[in-house]
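# Tertiary structure, described
The residues making up each chain are set out below.
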Amino acid sequence: MSLFGEVPQATPVAVFKLSNDFKEDANPKKVNLGVGAYRTDEGQPWVLPVVKKVEKIIVADNSLNHEYLAILGLPEFRSSASKIALGEDSPAIQENRVGAVQCLGGTGALKMGAEFLRRWYNGNDNTKTPVYVSAPTWENHNAVFANAGFEDIRPYKYWDAEKRGLDLDGFLGDLESAPKHSIFVLHACAHNPTGTDPTHVEWMQVAEVMKRRKLFVFFDSAYQGFASGCLDKDAWAVRYFVTQGFEMFCAQSFSKNFGLYNERVGNLTIVARDSDNLKRVLSQMEKIVRVTWSNPPSQGARLVAITLNTPELFAEWKDNVKSMADRVLLMRASLQAKLQALETPGTWDHITQQIGMFSFTGLNPKQVEYMIKERSIYLMASGRINMCGLTTKNIDYVAESIHETVVNVQ
Amino acid sequence: MALLKSSKIISTVWVHPPLGVRSIRASSWWSEVQMGPPDPILGVSEAYKRDTNPKKMNLGVGAYRDDQGKPYVLSCVRKAEAQIAAKKLDKEYLAIGGLGDFTKACAKLALGDNNEVIESGRNITVQTISGTGSLRIGANFLSRFHTEARDVYLPKPSWGNHTPIFRDAGMQLKAYTYYDPKTCGFDFQGALNDISKIPEKSVIMLHACAHNPTGVDPRPEQWKEIANLVKKRNLLVFFDMAYQGFASGDIDRDAWAVRYFIEQGHNIVLSQSFAKNMGLYGERVGGFTVVCKDAEEAKRVESQLKILIRPIYSNPPMNGARIAATILNTPDLYKEWLGEVHGMANRIITMRELLVANLKKEGSTQNWQHVIDQIGMFCFTGLKPEQVARLTKEFSVYMTKDGRISMAGVTSGNVGYLAQGIHAVTK
């Protein structure tokens with residue numbers, strides 16, 4: 001008789017299963033448009049040149065060791081990472097009301113923020129506070145907040161499938177009708193999975209409602225620099241909300257923009273009313289960290305800190321980021337042009353209007369299945385493709401496949 | 001790229017807020033958030049850092065120091081790092097369960113070569129965020145799936161962070177007698193008495209070796225009786241092994257209890273840390289193992305562990321696991337590692353002996369035999385809180401309130417000073 005005899009087999013996480021299936025596919029023409037990781041034009045992972053440089057610096061520095069970091073992480077990482085999100089000259093930083101927790105990737109930052117909110121926001125342990133995530137959103141958002149104890153996780157209207165763009169009225173409508181103090185998870189830029197971001201004017205409208213209705217702002221910033229190629233442009237929304245006086249969280253990931261996926265480098269930036277509130281918040285964050293992972297991993301944070309705090313390396317990093325963003329923009333333009341040339345039914349402007357790593361193609365589940373089974377092109381059931389999976393060598397095959405799919409499968 | 005426009009990124013509209021906006025939300029969301037107390041263990045280091053006394057000693061955190069009081073990066077670690085750097089690997093996400101080369105070697109290290117459990121594939125071992133992360137995943141797993149019993153029985157005393165971890169995961173904490181303050185040793189009868197009353201199916205936490213904080217371990221014949229009693233009571237065994245190699249200096253000797261229990265048919269859960277025995281503290285290298293009935297059950301358990309891990313941190317960090325895997329899987333590095341672990345354990349044993357010798361030299365008439373009998377990084381001195389407070393205030397010797405000192409912080413250069421201080425507050 002086993003203690004675990006009743007443990008059911010869990011369904012695998014979709015995006016990883018997709019990668020697995022791709023690996024096992026013998027078709028030489030196969031293309032993986034699944035997982036959100038950058039690929040070069042040769043379809044290879046890319047370790048940023050600046051990262052290689054800094055790794056050598058770290059190896060050569062004999063004063064470094066593997067000792068524990070502080071519970072909240074490496075101080076020079078936390079502060080420089082927050083500056084990246086909020087801007088060097090952020091008034092909030094100058095007013096000493098910005099703090100941060102180094103976390104395990106963007107996921108870890110969301111987790112810490114969620115755990116804190118469940119304990120301390122809107123009363124104590126108020127698990128009934130509604131948490132709103134965009135429809136659709138990154139599939140792990142729901143689980144992060146649910147596991148932190150929140151019982152009421154709801155979608156807010158976001159993607160308009162018909163017009164293939166932002167459903168602004170729906171979004172604003174949900175903001176107006178959400179119970180006061182509801183938590184809203186906002187994508188800072190390069191919305192995952194749709195690639196559709198609000199314009200500046202639209203963000204201003206969102207902020208106005210959120211302020212008036214006392215809704216909590218929780219930004220998820222996983223693609224800063226990756227969307228437009230410019231760090232400051234990609235941080236516009238986050239910084240605007242700061243100027244509007246919000247107390248807010250911003251979960252930052254350095255997985256994509258530093259290519260440090262497996263080193264789990266993340267930062268939860270906290271903007272508080274004043275330094276006293278900030279201090280107390282950080283002290284409680286420490287307690288949550290202590291019962292989860294005690295203190296965060298040092299390698300990746302050190303690497304990012306050295307890069308951000310050394311002018312020549314910082315400049316080189318920005319270049320590396322821009323080159324990734326540029327390749328994505330090129331693939332968007334190429335794919336759209338090819339689909340237009342093929343006269344594929346439908347409009348394909350959304351491919352170039354959307355921004356960041358992902359594109360919501362608009363392909364329906366049957367069409368997705370066809371792409372996978374008949375063409376060995378792997379994409380998510382939602383129709384999401386990772387633009388980084390496209391290369392100059394496979395883009396013709398992908399365009400033709402989309403064409404054939406749309407024509408033959410409804 | 002110049003062809004492309006995106007109306008969202010054309011201009012930066014900077015709106016300066018009207019002067020009155022700050023007063024709209026004069027109160028903060030966080031006004032009711034209390035100041036959290038400093039962590040009892042990690043807080044000690046923070047206090048130590050602020051002290052300006054040149055003779056100060058940090059005997060708080062269990063981090064190994066060499067005889068110059070410096071952090072020690074193992075030579076096998078440096079070599080492994082060089083090997084890894086030469087390979088020019090990418091930084092793609094690991095699987096949720098971590099690096100395969102690491103998890104296999106991690107299980108083998110604990111269970112031994114040719115262990116039946118590994119050969120039959122009935123264990124699932126996942127990479128975790130060091131020991132804390134492993135305990136947390138384990139606690140979450142038990143909380144979700146071990147629904148017949150909510151109680152976790154910890155030895156009295158146990159590592160300070162055990163309680164908050166299990167509590168936060170939704171389990172209830174109870175205790176069984178373990179440490180005997182009269183002898184500064186193991187209260188074997190007391191432990192057996194308490195364990196015999198633990199309700200069936202409860203979880204019992206056992207420190208595999210080098211008990212933290214007391215340094216007091218059961219002897220093999222005592223472990224055998226405990227194993228027997230635990231089986232009679234039908235308890236779920238959770239081993240915490242954070243010091244394999246560090247206790248006796250011998251990897252296999254330190255894993256003896258774990259292996260014995262498995263041999264006796266206990267399907268245990270096990271947490272391992274490589275923070276101390278490989279000096280990989282800040283890299284966060286650990287493993288969590290569930291020994292299942294068979295390979296099929298192991299697969300089901302694995303799928304559920306992944307579901308637990310994903311919403312916490314998605315997948316674990318590569319750097320430390322890669323180093324550990326390289327060491328464990330490369331024969332000459334492995335051999336070198338065994339030697340270095342042995343060296344670290346030996347230095348600690350020597351310091352124990354020196355401390356007692358110095359206390360005698362100071363003229364102390366107390367019985368300090370327990371300092372030598374206890375094993376591993378920590379020593380439960382037997383000092384009371386007031387004595388600890390004096391030791392810290394008057395001598396700048398930092399330790400936890402329970403009288404625990406990290407022997408790793410003792411050197412041949414400062415052991416005399418430490419003996420002076422301890423003698424002063426206990427005479």
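Residues numbered from 1 in each chain as written. Chains lettered and ligands numbered in written order. Predicted model: local features only at pLDDT ≥ 70, side-chain atom pairs only at ≥ 80, totals over all residues. Heavy atoms only, no water.

The helix and strand tally for chain A stands at 16 helices and 13 strands. The principal-axis extent of the C-alpha atoms belonging to chain A is close to 60 × 60 × 55 Å. Burial analysis of chain A (410 residues in total) assigns 64% to the buried set. Excluding contacts between residues fewer than 6 apart, the proportion of contacts in chain A whose partners are at least 24 apart in sequence is 76%. (Helix = DSSP H or I, 4+ residues; strand = E, 2+ residues; numbered from the N terminus. Buried < 20%, exposed > 50% of the residue type's maximum accessible area, 1.4 Å probe, protein only. Contact = heavy atoms within 4.5 Å.)

Before going further, it helps to spend a moment on the overall build of chain B. Helices and strands together make up the secondary structure of chain B, namely 17 helices and 13 strands. For chain B, the C-alpha radius of gyration of 24 Å lies close to 22 Å, the compact-globule estimate for 427 residues. With respect to the principal axes defined by its C-alpha atoms, chain B has extents near 85 × 60 × 50 Å. The proportion of buried residues among the 427 residues of chain B is 60%. Across chain B, contacts joining residues at least 24 apart in sequence account for 75% of those joining residues at least 6 apart. Here chain B displays about 17500 Å² of accessible surface, and carbon together with sulfur accounts for 53% of that area. On chain B, the mean spot of the 53 positive side-chain charges and the mean spot of the 42 negative ones are 6 Å from each other. (Rg over C-alpha atoms; globule rule 2.2 N^0.38 Å. Areas by Shrake-Rupley, 256 points an atom, 1.4 Å probe, with all protein chains shown as cover. Lys, Arg positive; Asp, Glu negative; His and termini not counted. Charge placed at Lys NZ, Arg CZ, Asp CG, Glu CD.)

Residue and element names in this part refer to chain B. Looking at chain direction, strand β3 (residues 151–156) and strand β4 (residues 172–177) are connected through six bridges and run parallel. When the sheet's bridge partners are listed, Tyr153 is paired in β4 with Lys174. For the crossover from β3 across helix α7 (residues 162–168) to β4, the handedness is right-handed. (Pairing = 2+ DSSP bridges. Right-handed = clockwise from strand over helix to strand, strands pointing away.)

Here we take up helix α6 (residues 130–145) of chain B. With 16 residues, α6(B) should cover 22 Å at 1.5 Å per step; its first-to-last C-alpha distance of 22 Å lies within 8% of that length. A large share of α6(B) lies buried, amounting to 15 of its 16 residues. (Expected span 1.5 Å × (residues − 1).)

Moving on, we get to the UniProt feature "domain: Aminotransferase class I/classII large" (unreviewed entry) in chain B. The UniProt feature table records "domain: Aminotransferase class I/classII large" (unreviewed entry) at residues 55–422 of chain B. Split by type, residues 55–422 of chain B is 47% helix and 15% strand. Its first and last C-alpha atoms lie 14 Å apart. (UniProt positions renumbered as here; feature names shortened; annotations may be inferred.)

Moving on: the side chain of A:Ser228. Residues and elements named next belong to chain A. Locating Ser228 in the fold gives a position in the loop between β8 (216–221) and α9 (231–234). Polar contacts involving the side chain of Ser228 include one to the main-chain amide nitrogen of Cys230, which spans 3.0 Å. A polar contact of 2.8 Å, which involves the side chain of Ser228, links it to the side chain of Asp234. (Polar contact = N/O pair within 3.5 Å; in protein donor to acceptor, adjacent residues only side chain to side chain.)

Now for the side chain of A:Arg97. Residues and elements named next belong to chain A. Looking at the secondary structure, you find Arg97 in the loop between α4 (91–94) and β2 (98–104). In this structure Arg97 comes out as buried when scored by relative accessible area, which is 4%. At 2.7 Å, the side chain of Arg97 forms a polar contact with the side chain of Glu95. One polar contact links the side chain of Arg97 to the main-chain carbonyl oxygen of Ala272, over a distance of 2.9 Å.

The final tally for this structure, using the stated rule, is 49 aromatic pairs over all chains. Ring geometry for A:Phe77 against A:Phe254: centres 5.7 Å apart, planes inclined by 70°, an arrangement best described as edge-to-face. Note that A:Phe77 is positioned in helix α3 (residues 75–86) and A:Phe254 in the loop between β9 (248–253) and β10 (265–271), a separation of 177 residues in sequence. Three or more aromatic residues link up through ring pairs in this structure, and these residues are A:Phe116, A:Tyr121, A:Phe145, A:Phe150, A:Phe216, A:Phe218, A:Phe249 and B:Trp30. The cationic tip of A:Lys30 hangs over the ring face of A:Phe22; the distance from NZ or CZ to the ring centre is 4.5 Å. (Phe/Tyr/Trp six-rings, centres within 6.5 Å; stacked < 30°, edge-to-face > 60°. Lys NZ or Arg CZ within 6 Å of the ring centre and 35° of its normal.)

So, on to the interface of chain A and chain B. Each partner contributes to the interface: chain A provides 98 residues, whereas chain B provides 89 residues. Of the roughly 8400 Å² buried between chain A and chain B, counting both surfaces, carbon and sulfur atoms make up 59%. Summed over the shared surface of chain A and chain B, the number is six salt bridges. The partner of A:Glu139 in a salt bridge is B:Arg310, with the nearest N and O atoms 2.5 Å apart. Linking chain A with chain B are 31 residue pairs in polar contact (both at pLDDT 80 or more). (Buried area = accessible area lost by both parts, 1.4 Å probe. Salt bridge = Lys/Arg side-chain N within 4 Å of Asp/Glu carboxyl O.)

In this section: the packing of helix α8 (residues 200–212) of chain A against helix α10 (residues 236–243) of chain A. Residue and element names in this part refer to chain A. α10 packs onto α8 with a crossing angle of 40° between their chain directions and a minimal axis gap of 10 Å. Viewed along their axes, α8 and α10 adopt a mutual orientation that is oblique. Crossing geometry of α8 relative to α10 is assigned as right-handed. Residues His200, Trp203, Met204, Val206, Ala207 and Met210 of α8 touch α10, and the partners they reach there are Trp236, Ala237, Tyr240 and Phe241. Among the residues forming the contact of α8 with α10, the class breakdown is nine nonpolar, one polar and no charged. (Axes fitted to C-alpha atoms, helices over the stretch in contact; angles between N-to-C directions. Parallel < 35°, antiparallel > 145°, perpendicular 65-115°, else oblique. Left-handed = near helix turned anticlockwise from the far one by under 90°. Nonpolar A, V, L, I, M, F, W, Y, C, P; charged D, E, K, R; others polar.)

With glycine set apart, most residues show a phi of negative sign, and most peptide bonds adopt trans. With an omega of 20°, the peptide bond running from A:Asn192 to A:Pro193 counts as cis. The peptide bond linking B:Asn212 to B:Pro213 adopts the cis configuration, its omega dihedral lying at 20°. The phi dihedral of A:Asn96 falls on the positive side, at around 55°, and the residue is not glycine. Along the polypeptide, A:Asn96 turns up in the loop between α4 and β2. Backbone geometry places A:Arg264, a non-glycine residue, at a positive phi of 60°.

A separate point is the environment of B:Ala298. Residues and elements named next belong to chain B. By the secondary structure assignment, Ala298 is in helix α12 (residues 295–313). Taking relative accessible area as the criterion, Ala298 reaches 4% and is therefore assigned buried. Linking Ala298 and Pro40, residues 258 residues apart in sequence, is a C-alpha distance of 37 Å. What Ala298 contacts, discounting residues up to four positions off in sequence, is Gly121, Arg122, Asn123, Ile124 and Cys292.

Residue and element names in this part refer to chain B. Packing of helix α3 (residues 75–87) against helix α13 (residues 318–329) brings their axes to within 9 Å, and their N-to-C directions diverge by 105°. Classified by the interaxial angle, the pair formed by α3 and α13 is roughly perpendicular. Taken together, the residues of α13 that come into contact with α3 (itself represented by Cys76, Val77, Ala80, Glu81, Gln83 and Ile84) are Arg322, Ile323, Thr326 and Ile327. Residue classes in the contact of α3 with α13 are distributed as six nonpolar, two polar and two charged.

This brings us to the confidence of the model for chain B. All names here are of chain B. Residues with a pLDDT of 70 or more make up 94% of chain B, whose mean pLDDT is 92. Below a pLDDT of 50 lies the segment residues 1–25, which in the model reaches 39 contacts outside its immediate sequence neighbourhood of four places, other chains included. With pTM at 0.93, the complex prediction returns an ipTM value of 0.94. (pLDDT = per-residue confidence, 0-100.)

So, about helix α2 (residues 42–50) of chain B. Inspection of α2(B) places B:Leu42, B:Gly43, B:Val44 and B:Ser45 among the buried residues, and these make up the whole buried set. Buried positions along α2(B) lie against α11 (275–290) of chain A together with β1 (57–58) and β12 (397–398) of chain B.

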